[in-house]
Amino acid sequence: MKIKNTAVVIFCFNRPDAIYRLLDSLTECKEAMMLPIYFYIDAARSSNEAELVKATSSIAEGFDHPNKHIIYRDVNLGLKESLTDGISQVLEYHDAVIVLEDDLVVGSFALEYFLSGLEKYAHNPKVVSICGYAVGEFDNRSAHGAHFLPMTHPWGWATWRDRWHEHMTGTAGNASMQSASFRVAMNVFGLRDYRSMLGLAKRELISSWWIHWQLNAVNRHSVSLFPQQSHISNTGLRTGTHASGWNILMKLQPNKTLAQTSTNFPDEIILDFEALDYIITSRESLILRITGYLGKMKRTIKRNIK
């Protein structure tokens with residue numbers, strides 16, 4: 001593993017407890033003090049949120065780090081605009097970014113994993129991102145401990161300047177939303193109904209930066225690296241931008257056991273369809289599909305009431 005010109009970018013808002021947990025977990029990574037860290041703190045939407053945003057800012061300001069940068073938003077941008085703008089800004093000065101939102105917790109080998117993946121696949125444009133979250137739990141881990149999947153994931157990930165530039169400057173393509181083949185690819189062979197999410201985003205019924213990143217990967221036939229044992233845990237499924245009281249994952253899905261060792265990486269860029277089959281049929285994916293369906297029902301009910 002080599003530490004090149006890579007930065008950690010953390011997006012915060014109004015959850016001081018969450019950012020405290022994330023920073024506490026980061027201190028367990030031996031690489032944390034060697035990497036520049038950028039905090040992007042979104043502005044409050046109301047006076048009721050102002051104290052929470054202030055408390056979040058205080059925790060970021062108090063984090064003892066030799067190369068820390070804090071960017072305060074003057075107005076509330078929302079996660080989609082804040083994240084896309086923040087990543088683009090940081091990549092003007094760095095070759096790669098590790099992107100974390102404030103509701104995540106990282107394992108002690110997470111930064112090593114991201115940095116090693118960024119180093120190994122830097123010159124292979126087919127790899128669009130290094131993802132730190134493992135959907136499902138693999139009982140029988142391969143010698144490599146990581147695999148390539150035809151998808152991206154928003155819970156802790158890393159990418160390079162050229163991949164992000166292609167995403168931001170390219171076109172979304174003219175693929176028919178009704179095409180059966182497009183639906184299969186966009187939905188990752190039945191993992192989730194991402195095609196419907198994309199439709200909602202295009203109609204501005206939801207605000208999601210990630211669904212456009214996923215669309216970019218589908219259109220470019222890109223892959224992402226995923227660990228078989230997660231380096232990331234999400235603690236904000238009830239309180240985030242897209243969280244909901246309808247989200248039953250916290251009750252039904254046990255907490256992630258984060259990796260406690262280094263990850264070995266595959267030398268060849270080959271899709272692991274067996275791993276994808278396992279993920280699609282995993283308990284966690286089933287729960288997420290149910291949650292997505294319930295969320296879709298809630299949005300329909302709200303629109304009908306209005």
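Residues numbered from 1 in each chain as written. Predicted model: local features only at pLDDT ≥ 70, side-chain atom pairs only at ≥ 80, totals over all residues. Heavy atoms only, no water.

### Some remarks on the overall build of the protein chain
- Helix and strand counts for the protein chain stand at 11 helices and 10 strands.
- By residue count, 52% of the 306 residues in the protein chain fall in the buried class.
- Counted over contacts in the protein chain with a minimum sequence separation of 6, partners at least 24 positions apart contribute 83%. (Helix = DSSP H or I, 4+ residues; strand = E, 2+ residues; numbered from the N terminus. Buried < 20%, exposed > 50% of the residue type's maximum accessible area, 1.4 Å probe, protein only. Contact = heavy atoms within 4.5 Å.)

### So, the packing of aromatic side chains
- As enumerated under the stated definition, the model contains 13 aromatic pairs in all.
- Ring centres 6.3 Å apart and planes at 75° place the aromatic pair F39 and F63 in the edge-to-face group. Remark: F63 occurs in the loop between α2 (47–62) and β3 (68–72) and F39 occurs in strand β2 (residues 37–41); sequence separation between them is 24 residues. A single burial state applies to F39 and to F63, both of which are buried.
- A connected cluster of aromatic rings, assembled from ring pairs, spans Y113, F114, Y121, F148 and F265. (Phe/Tyr/Trp six-rings, centres within 6.5 Å; stacked < 30°, edge-to-face > 60°.)

### Quick notes on the environment of A110
- Position of A110 relative to the elements: it lies in helix α4 (residues 110–120).
- Apart from the residues lying within four places of it in its own chain, the contact partners of A110 are C29 and H231.

### Some points on the pattern of salt bridges
- Tallying each qualifying case throughout the model produces 9 salt bridges.
- With its nearest N and O atoms 3.7 Å apart, the salt bridge here joins R15 to D103. Residue R15 is located in the loop between β1 (6–12) and α1 (16–26), and its partner D103 is located in the loop between β4 (96–101) and β5 (104–106); the two are separated by 88 residues in the primary sequence. Comparing R15 with D103, the two get one shared label, buried.
- Linked by salt bridges that have partners in common, R15, D102 and D103 make up one network. (Salt bridge = Lys/Arg side-chain N within 4 Å of Asp/Glu carboxyl O.)

### Observations regarding the nonpolar core
- Membership of the largest hydrophobic core comes to 80 residues, with the highest contact counts inside it found for I10, F39, I87, I98, L100 and I130.
- With residues up to four places along the chain from it excluded, the contact list for I87 reads F11, V97, V99, W157 and W164. (Core = buried A, V, L, I, M, F, W, Y, C linked by side-chain atoms within 4.5 Å.)

### A look at a nonpolar patch on the surface
- Side chains of V184, F189 and F273 sit close together on the surface and give an oily, nonpolar patch of about 290 Å² of accessible area.
- The residue F273 is located in helix α10 (residues 273–280) in this model.
- Overall, the relative accessible area of 44% leaves F273 in the partly exposed class. (Patch = residues over 30% accessible without salt bridge, like charges linked within 9 Å, V, L, I, M, F, W, Y side chains within 5 Å. Areas by Shrake-Rupley, 256 points an atom, 1.4 Å probe, with all protein chains shown as cover.)

### Looking at unusual backbone geometry
- The phi angle at V188 is positive, at roughly 50°, despite the residue not being glycine.
- Topologically, V188 is positioned in the loop between α6 (180–186) and α7 (194–202).
- The buried category is assigned to V188, whose relative accessible area is 0%.
- The phi dihedral of H221 falls on the positive side, at around 55°, and the residue is not glycine.
- With respect to the helices and strands, the residue H221 is situated in the loop between α8 (210–219) and β9 (223–227).

### Notes on the sheet that holds strand β6 (residues 127–131)
- Strand order in the open sheet made by the 8 strands is β3-β2-β1-β4-β8-β6-β9-β7, with mixed pairing throughout. Each edge of the sheet is formed by a strand with only one pairing partner; in this case those strands are β3 and β7 (146–149). Averaged over neighbouring strand pairs, the angle between their axes works out to 25° when direction is ignored.
- In the packing of α2 onto the sheet, contacts are made with β1, β2 and β3, and the angle to β3 comes to roughly 165°. (Pairing = 2+ DSSP bridges. Axes fitted to C-alpha atoms, helices over the stretch in contact; angles between N-to-C directions.)

### Looking at the confidence of the model for the protein chain
- Of the residues in the protein chain, 86% have a pLDDT of 70 or more, and the chain-wide mean is 89.
- Counting interchain partners and residues more than four positions distant, the pLDDT-below-50 stretch residues 238–244 has 15 contacts. (pLDDT = per-residue confidence, 0-100.)

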